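Remarks on the overall topology
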Protein chains: 2
Amino acid sequence: MFIVKLGGSVITDKSKRYCFHVKTMTRLAYEIKKADIPLALVHGAGSYGHILAKEYQLNDGYNNKDQLKGFALTQAKVQELNSLVLSTLQEKKISAISLPPHAFLRLDDHRIDEINYSIIDNYLKKGFTPVTFGDVALDKTLSFSICSGDLLMRVLAKHYKPKKAVFVVDVDGIYSANPKKNPDAVLLKSASVGDLENLTTAVDGHADVTEGMKGKINTIKMIAQLGIDTIVVNGNKKNRLYKVLVGEETICTYIHGMKK
Amino acid sequence: MFIVKLGGSVITDKSKRYCFHVKTMTRLAYEIKKADIPLALVHGAGSYGHILAKEYQLNDGYNNKDQLKGFALTQAKVQELNSLVLSTLQEKKISAISLPPHAFLRLDDHRIDEINYSIIDNYLKKGFTPVTFGDVALDKTLSFSICSGDLLMRVLAKHYKPKKAVFVVDVDGIYSANPKKNPDAVLLKSASVGDLENLTTAVDGHADVTEGMKGKINTIKMIAQLGIDTIVVNGNKKNRLYKVLVGEETICTYIHGMKK
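Residues numbered from 1 in each chain as written. Chains lettered and ligands numbered in written order. Predicted model: local features only at pLDDT ≥ 70, side-chain atom pairs only at ≥ 80, totals over all residues. Heavy atoms only, no water.

1. Here's the deal with the overall build of chain A
Quick reminder of the rule: Helical segments are the DSSP runs of H or I of at least four residues, strand segments are the runs of E of at least two, and each set is numbered from the N terminus. As defined in this context, the radius of gyration uses C-alpha atoms, and a globule is described by 2.2 Å times the residue total to the power 0.38. Partly exposed residues are those whose accessible area sits between 20% and 50% of the maximum for their type, while under 20% is buried and over 50% is exposed, using a 1.4 Å probe and protein chains only. Any two residues whose heavy atoms approach within 4.5 Å are treated as being in contact. All accessible areas in this document rest on Shrake-Rupley with a 1.4 Å probe, and a residue is counted as covered only by the protein chains that are shown. Charged residues are defined narrowly, with Lys and Arg counted positive, Asp and Glu counted negative, and His plus the chain ends left uncounted. Charged groups are reduced to one reference atom each: NZ for lysine, CZ for arginine, CG for aspartic acid, CD for glutamic acid.
What chain A contains, in helices and strands, is 10 helices and 12 strands. Since a compact globule built from 260 residues should have a radius of gyration of about 18 Å, the 17 Å found for chain A is in line with a globular shape. Within chain A, the fraction of its 260 residues that count as buried is 59%. Sequence-distant contacts in chain A: of pairs separated by 6 or more residues, those separated by 24 or more amount to 75%. Carbon together with sulfur atoms contributes 50% to the accessible area of chain A, which is approximately 10600 Å² in total. Across chain A, the 36 positively charged side chains and the 27 negatively charged ones have centroids separated by 4 Å.

2. Digging into the nonpolar core
The line we're drawing: Here, nonpolar core refers to any group of buried Ala, Val, Leu, Ile, Met, Phe, Trp, Tyr and Cys residues whose side-chain atoms link them within 4.5 Å.
Within the largest apolar cluster, 107 residues are counted, with the highest numbers of intra-cluster contacts made by A:Phe71, A:Ile174 and B:Phe71. Of all hydrophobic cores here, the second largest spans 34 residues; its members include A:Ala76, B:Leu28, B:Ile32 and B:Ile231.

3. Points about the side chain of B:Thr132
All names here are of chain B. Rule in force here: Two N or O atoms form a polar contact when they lie within 3.5 Å of each other; inside protein one atom must be a possible hydrogen donor and the other a possible acceptor, and for residues adjacent in sequence the pair counts only when both atoms belong to side chains.
Mapped onto the secondary structure, Thr 132 falls in strand β6 (residues 129-133). For Thr 132, a relative accessible area of 7% translates into the label buried. Reaching out from Thr 132, the side chain makes a polar contact with the backbone oxygen of Leu 99 at a distance of 2.8 Å. Filtering out sequence-adjacent residues up to four positions away, Thr 132 remains in contact with Leu 41, Val 42, His 43, Leu 99, Pro 101, Phe 104, Leu 152 and Leu 156.

4. Some points on the relation of the copies chain A and chain B
Here is the rule: Least-squares fitting of one copy onto the other uses the C-alpha atoms of those residues that reach a pLDDT of at least 70 in both copies.
At an RMSD of 0.0 Å, chain A and chain B line up after a rotation of 180° and a shift of 0.0 Å along the axis. Look at the turn and shift together and you get a two-fold axis relating the two.

5. Here we look at the environment of A:Leu73
Its place among the elements puts A:Leu73 in helix α4 (residues 66-91). Counting along the chain gives 178 residues from A:Leu73 to A:Ile251, while the straight-line C-alpha distance between them is 38 Å. If we ignore the near neighbours within four places in the chain, the residues touching A:Leu73 are A:Leu52, A:Tyr56 and B:Gln90.

6. A look at the pairing of strand β2 (residues 39-43) of chain A
Residues and elements named next belong to chain A. Heads up, the rule is: Strands are labelled as partners when DSSP assigns at least two bridges between them.
Counting buried residues along β2, five of its five residues qualify, which places the element largely inside the surrounding structure. Here β2 shows two buried faces, one formed by Leu 39, Leu 41 and His 43 and the other by Ala 40 and Val 42. Looking at chain direction, strand β1 (residues 2-6) and β2 are connected through five bridges and run parallel. Across the sheet, residue Phe 2 finds its bridge partner in β2, namely Leu 39.

7. Describing unusual backbone geometry
Here B:Asp109, not a glycine, exhibits a phi torsion of approximately 50°, which is positive. Structurally, B:Asp109 can be placed in the loop between β4 (105-108) and β5 (111-115).

8. Here's the deal with the interface of chain A and chain B
Rules: Values labelled buried area give the accessible surface lost by two parts on being combined, using a 1.4 Å probe and summing over both. Salt bridge criterion: a side-chain nitrogen from Lys or Arg within 4 Å of a carboxyl oxygen from Asp or Glu. Only Asp, Glu, Lys and Arg are considered charged in this grouping, and only Ala, Val, Leu, Ile, Met, Phe, Trp, Tyr, Cys and Pro are considered nonpolar; every other residue, Gly among them, is considered polar.
Taken together, the contacts link 35 residues of chain A with 35 residues of chain B. Both sides of the chain A and chain B interface together cover about 3000 Å² of buried area, and 59% of this is carbon and sulfur. When the buried area of chain A at its contact with chain B is split by residue, A:Gln79, A:Lys126 and A:Leu138 rank highest and sum to 18% of it. Across the chain A-chain B interface, the total number found is zero salt bridges. No other element matches the 13 residues that α4(A) contributes to the side of chain A that touches chain B. Residue composition of the side of chain A that touches chain B, by class: 17 nonpolar, 12 polar and six charged.

9. Focus: the sheet that holds strand β12 (residues 253-255) of chain B
Taking strand neighbours across the sheet as the criterion, the eight strands line up as β3-β6-β2-β1-β9-β11-β12-β10 (chain B) in an open arrangement whose pairing is mixed. At either end of the open sheet lies a strand with only one pairing partner, and these are β3 (96-98) and β10 (190-191) of chain B.

10. Considering helix α2 (residues 22-35) of chain A
Residue and element names in this part refer to chain A. Rule in force here: A helix is expected to reach a length of 1.5 Å times the quantity of its residues less one.
Here α2 contains 14 residues, and its C-alpha end-to-end distance of 20 Å stays within 8% of the 20 Å for a straight helix at 1.5 Å per residue. Every buried residue belonging to α2 is among Thr 24, Met 25, Arg 27, Leu 28, Ala 29, Glu 31, Ile 32 and Ala 35, and all of these are buried. At its buried positions, α2 is contacted by β1, α1 (8-11), β2, α4 and α10 (240-246). Once α2 ends, the next one or two residues include Asp 36, with phi positive near 50°.

11. Focus on the environment of B:Val131
Residues and elements named next belong to chain B. With respect to the helices, strands and loops of the structure, Val 131 is situated in strand β6. Exposure remark for Val 131: the relative accessible area of 1% places this residue in the buried category. Distance in space between the C-alpha atoms of Val 131 and Leu 41 is 4.7 Å, their sequence separation being 90 residues. Not counting chain neighbours up to four residues away, the residues in contact with Val 131 comprise Leu 41, His 43, Asn 82, Leu 86, Leu 89, Ala 96, Ile 97, Ser 98 and Leu 99.

12. Regarding the environment of A:Ala177
Residue and element names in this part refer to chain A. Here Ala 177 lies in the loop between β9 (164-169) and β10 (190-191). Residue Ala 177 is classed as buried on the basis of its relative accessible area of 12%. Separated by 22 residues in sequence, Ala 177 and Leu 199 have C-alpha atoms that sit 7.0 Å apart.

13. Points about the pattern of salt bridges
All names here are of chain B. Counted according to the given criterion, the structure contains 24 salt bridges over all chains. Put simply, Glu 80 and Lys 77 hold a salt bridge, and the shortest N to O gap is 3.4 Å. In this pair, Glu 80 and Lys 77 are both assigned in helix α4 (residues 66-91), three residues apart and thus about one turn of the helix distant. Ionic pairing is found between Arg 240 and Asp 172, a salt bridge with its closest N-O pair at 2.7 Å. Of this pair, Arg 240 sits in helix α10 (residues 240-246) while Asp 172 sits in the loop between β9 (164-169) and β10, and the two are 68 residues apart along the sequence. Note on Arg 240: relative accessible area 11%, which makes it buried.

14. Observations concerning the packing of aromatic side chains
Residue and element names in this part refer to chain B. Basically, it comes down to this: When two rings of Phe, Tyr or Trp (its six-membered ring) have centres within 6.5 Å they constitute a pair, described as stacked for plane angles under 30 degrees, edge-to-face for angles over 60, and tilted for the intermediate range.
Evaluation of the coordinates by the stated rule reveals 12 aromatic pairs over all chains. Residues Tyr 62 and Phe 144 carry aromatic rings whose centres are separated by 6.1 Å and whose planes lie at 80° to one another, so their mutual orientation is edge-to-face. Of the two residues, Tyr 62 is situated in the loop between α3 (46-55) and α4 and Phe 144 in strand β8 (residues 143-147); the sequence distance between them amounts to 82 residues. Overall, Tyr 62 belongs to the partly exposed group, its relative accessible area being 41%. Each ring, one from Tyr 123 and one from Phe 128, has its centre 5.7 Å from the other, and the planes form 75°; the classification is edge-to-face.

15. Quick word on the side chain of A:Gln67
All names here are of chain A. Within the secondary structure, Gln 67 is located in helix α4. A polar contact is formed between the side chain of Gln 67 and the backbone oxygen of Tyr 56, at a distance of 3.0 Å. Setting aside residues up to four positions removed in sequence, Gln 67 forms contacts with Tyr 56, Gln 57, Leu 58, Gly 61, Tyr 62 and Phe 144.

Below, the structure written as structure tokens:
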């Protein structure tokens, strides 16, 4: 089994409110269907979640009553994005089931406190494709906070020990430096946890309530430390996700899980 | 606290696929906001769920692989309806949170097997309005089946012992006989469990994978037996729901909970 995260910057335009990349998502759904392997999907909240979550400072937890409205609104908007994702998957005959984090887990100071794995297990066992996503969630300490798609990837990797964890992003993979700022940046074809430690890739300039590329590298390090291989691949380039899913060679960064 | 079910025949046109009654729902949201009392909401699946669920025979449980597609499609469509309900509630500044049954409970032969009450409790405590709805759900014995809005009302009544349970329907209340077939049918202003036992009200001719009016009366009997008062009120008539919520007199059927 694979776990695959479709990045918010791939399926939405992160700079514009509520802008879904329907063509890209339709192609990715087609590639997933063609690969025909069991997987669990995670998608980012993109412009449906981040802008509102920042406006209402949801990731800092409760500090005023107005935030309840912001929490509810953000939840509703990421659910709308999830409906769009579900409908493109279902058009390609994938039996996709929505599993919204705010309804099956609770955080505690940004970490998982309680989670109902059995509900995900049961859908997987029956042949469904569970689809979870970056969402707001209740938080034991902070009252509420953000459950990012990257956090979900860490949690699912730990629980399911998938064959591979795949991050579908809007660049070709992980670079030796930030490619948007440094012309000498080189794409890493493969990397170890040690290589990632040495990376100077900075958080990109993009305002983001989740953790940006630096956070993603931390997530990948944690997954690699579990012994799981991770692939970072560009979702805007045709057929790359498909090739990654079926094990064919393509442009991407392959991070080797640590041998135990 | 109240629990309120907005019937699928009120918020959708049950005879037409995916037809949401936005004006009615907007008015009901306004009445709920004006009443300003803590409540949990349930809504029916209406034409977003029943037609598909019947086509794929989802309530009979698993018998062919094609049903997985039907289950996923029905889940996605009732989620779309739920998004429409959420957005009308949020326009009226109600902090409504979606709690889809397929993500927080499991059935066993059409009854509740496992349910995560704490997630509902936590949203209520923080001042949110949880919104759950008729949905598909996994079923321990049948693989999957339907979790109707009426079943949710029974479960929430038992767990929360609300001050009142309110059913918002498309007729004025419960009649002495089926008013669509019998011109002598009289609206019952108030009723006891005993009165309901004697009722001859038949299931109306309307095809429905949930239980229709006969099922609703059984649900109300069960709630009354818990000692909880139930009100059946017409959601198509202005201000009636509001009056019920604030305790003013209006046309409806009031079913007295059994004294213990």
